[in-house]
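Structural overview for review
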Amino acid sequence: AAFLSAAAYTFQDQELSAAELERTFIAIKPDGVQRGLIAEIIARFERKGYKLVAIKLVHPTKDFAEKHYDDLKARPFFNGLTDFLSSGPVVAMVWEGQGVIKYGRKMIGATAPLASEPGTIRGDFAIAVGRNIIHGSDGPETAKDEIALWFKPEELLTYKKETDKWLYE
Ligand code: ADP
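In this text the structure is predicted, and so the values were computed from the model without any measurement.

The buried fraction of strand β5 (residues 90-96) amounts to seven of the seven residues, a majority that puts the element mostly inside the structure. Burial along β5 is two-sided: the face carrying Val90, Ala92, Val94 and Glu96 and the face carrying Val91, Met93 and Trp95 are both buried. Relative to β5, strand β3 (residues 23-28) runs antiparallel, the two sharing six bridges. Its bridge partner being in β5, Arg23 is matched across the sheet by Glu96.

Structure (structure tokens):
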């Protein structure tokens, strides 16, 4: 498409705009998995129009959880938080699409579920700040770092969907 030409990337003969290629790291934390919310959460991102480009079920070690939350290591809840993240399986994902980093955070809601609007994931399904079921990167730099921490480059797929043309003009 002509409109894509300025900032178009080509992967395997598929043309995708730079905006379509924005990526964020999303994780369903152990409470979300235990509460049976995997499909619900994936469905929300899927129905919005975002594209799943990586997914796996992992049980993080304490050490790995500490790496993930490295920027919070001075906080009083750090030990509890990293114990919790490493307490069971987590669904690690990378979602792609225009504005996905910022809008993904909107879909997730505020850190404290009781401060999250109804209609957001935390607003609809959680109560406690330490049991807020989902993680999402908070900016482009964090997204890059978190994707690199959780996934090997070959685990990230680039592909075109037939619906892309119905999502982007
Ligand atoms: P977010 O996940 O919304 O980006 P932060 O990066 O500030 O929020 O914190 C990471 C996670 O640490 C939160 O999702 C939450 O589970 C936990 N957390 C944050 N603040 C507190 C707190 N005051 N007490 C307990 N857990 C907290």
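Moving on: the pattern of salt bridges. For the coordinates displayed, the defined rule picks out ten salt bridges. Here Arg23 makes a salt bridge to Glu96, at a shortest N to O gap of 2.8 Å. On the criterion of sequence distance, the pair formed by Arg23 in strand β3 and Glu96 in strand β5 is long-range, its members being 73 residues apart. The residues Arg23 and Glu96 share a single accessibility class, namely buried.

The positions that UniProt labels "active site" (unreviewed entry) are, in the present scheme, His135. Look at His135 and you get buried, because its relative accessible area is 11%. Once residues lying within four places of it in the same chain are set aside, the contact partners of His135 are Phe25, Ile26, Ala27, Lys29, His68, Tyr69, Ile108, Arg122 and Glu146.

Take helix α5 (residues 100-108) next. Within the sequence span of α5, burial applies to Val100, Ile101, Gly104, Met107 and Ile108. Considered in projection along α5, the buried side chains sweep an arc of 120 degrees and stay on one side of the axis. More than 90 degrees from the buried face of α5, the exposed residues found are Lys102 and Lys106. Where the residues of α5 are buried, they touch β3, α2 (38-48), β5, α6 (121-125), β6 (134-136) and α7 (140-150). With its phi angle positive at about 100 degrees, Gly109 sits one or two positions after the end of α5.

About the thresholds
- Residues numbered from 1 in each chain as written.
- Predicted model: local features only at pLDDT ≥ 70, side-chain atom pairs only at ≥ 80, totals over all residues.
- Heavy atoms only, no water.
- Buried < 20%, exposed > 50% of the residue type's maximum accessible area, 1.4 Å probe, protein only.
- Helix = DSSP H or I, 4+ residues; strand = E, 2+ residues; numbered from the N terminus.
- Pairing = 2+ DSSP bridges.
- Salt bridge = Lys/Arg side-chain N within 4 Å of Asp/Glu carboxyl O.
- UniProt positions renumbered as here; feature names shortened; annotations may be inferred.
- Contact = heavy atoms within 4.5 Å.
- Arc of directions from axis to C-beta.

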